[in-house]
Amino acid sequence: QVQLVESGGGLVQAGGSLRLSCVASGSFSSINAMGWYRQTPGKQRELVAVITSGGSTNYADSVKGRFTISRDNVKNLVYLQMNSLKPEDTAVYYCNVKIPRRSAEYTYWGQGTQVTVSS
């Protein structure tokens, strides 16, 4: 199986920065897309940013220009650098990876890390 461990969440003041990390381990030979999602109580989980195995990125409009996603394919890591944080960025952030197996693709989630931005 695949395990995802996230780190880097916490409490920060508006305008501050945080860097989230997620490392994937387990039984796999490669990872397709890696991404970050977030969820607040009563709302659906939403995409924040995603990066393909080739390095192409996509961001939610609300974070463009403030957040940067990157990955280390050797260490199976994905990062989310979050700058100019706003109170509305407060959420539980989840790491997401897509693992190819035979002719299918499987999705795995981390346990989530809390990000709280105070005004």
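Rules of the game
Residues numbered from 1 in each chain as written. Predicted model: local features only at pLDDT ≥ 70, side-chain atom pairs only at ≥ 80, totals over all residues. Heavy atoms only, no water. Helix = DSSP H or I, 4+ residues; strand = E, 2+ residues; numbered from the N terminus. Buried < 20%, exposed > 50% of the residue type's maximum accessible area, 1.4 Å probe, protein only. Contact = heavy atoms within 4.5 Å. Pairing = 2+ DSSP bridges. Phe/Tyr/Trp six-rings, centres within 6.5 Å; stacked < 30°, edge-to-face > 60°. Lys NZ or Arg CZ within 6 Å of the ring centre and 35° of its normal. Salt bridge = Lys/Arg side-chain N within 4 Å of Asp/Glu carboxyl O. Core = buried A, V, L, I, M, F, W, Y, C linked by side-chain atoms within 4.5 Å.

Chemist: Hey, could you go over the overall build of the protein chain for me, with residue numbers and the actual values?
Modeler: Scanning the protein chain for helices and strands turns up zero helices and 11 strands. Overall size of the protein chain, expressed as C-alpha extent along the three principal axes, is 45 × 25 × 25 Å. By the burial criterion, 40% of the 119 residues in the protein chain qualify as buried. Considering only intrachain contacts with a sequence separation of at least 6, the fraction spanning at least 24 residues in the protein chain is 54%.

Chemist: Kindly report on the pairing of strand 7 (residues 67–72), identifying the contributing residues and their values.
Modeler: Every second residue of strand 7 is oriented toward a common face, the buried set being F67, I69 and R71 and the non-buried set T68, S70 and D72. Where strand 7 meets strand 8 (residues 77–82), six bridges bridge the pair, whose relative direction is antiparallel. Bridge pairing links I69 to L80 in strand 8. Linking strand 7 to strand 8, which pair antiparallel, is a turn of four residues; within it N76 sits at a positive phi near 55°.

Chemist: I'd like to hear about the packing of aromatic side chains, residue by residue, with values.
Modeler: Centre distance and the angle of the planes are the two values used to describe a pair of aromatic rings. One pass over the full model with this rule turns up one aromatic pair. Aromatic side chains Y37 and W109 sit 5.0 Å apart centroid to centroid with 70° between the ring planes, which places their arrangement in the edge-to-face category. Of the two residues, Y37 sits in strand 4 (residues 34–39) while W109 sits in strand 10 (residues 104–109), which places them 72 residues apart along the sequence. Sitting over the ring of Y94, R45 keeps its end group 3.6 Å from the ring centre. Directly above the aromatic system of W109 lies the positively charged group of R45, at a separation of 4.6 Å from the ring centroid.

Chemist: An account of the pattern of salt bridges is requested, with residue identities and associated values reported.
Modeler: One pass over the structure, following the stated rule, counts four salt bridges. Here E46 and R38 are joined by a salt bridge, their closest N and O atoms 2.7 Å apart. With a relative accessible area of 7%, R38 lands in the buried category. What you see here is one network of salt bridges that share partners, running through R38, E46, R66 and D89.

Chemist: Requested: an account of the nonpolar core, with residues and values cited.
Modeler: In terms of nonpolar packing, the biggest core is built from 31 residues, with W36, L80, M82 and Y93 touching the most fellow members. Every element with two or more residues in this core is listed here: strand 1 (2–7), strand 3 (18–26), strand 4, strand 5 (46–51), strand 7, strand 8, strand 9 (91–101) and strand 11 (113–118). Take this core: its biggest share by element is five residues, from strand 9.

Chemist: I'd like a description of the environment of T90, backed by residues and values.
Modeler: Tracing the sequence through the fold places T90 in the loop between strand 8 and strand 9. A relative accessible area of 23% means that T90 is categorised as partly exposed. Along the backbone, T90 and G10 are 80 residues apart, and their C-alpha atoms lie at a distance of 9.8 Å. Residues within four places of T90 in sequence aside, it is in contact with T40, Q114, V115, T116 and V117.

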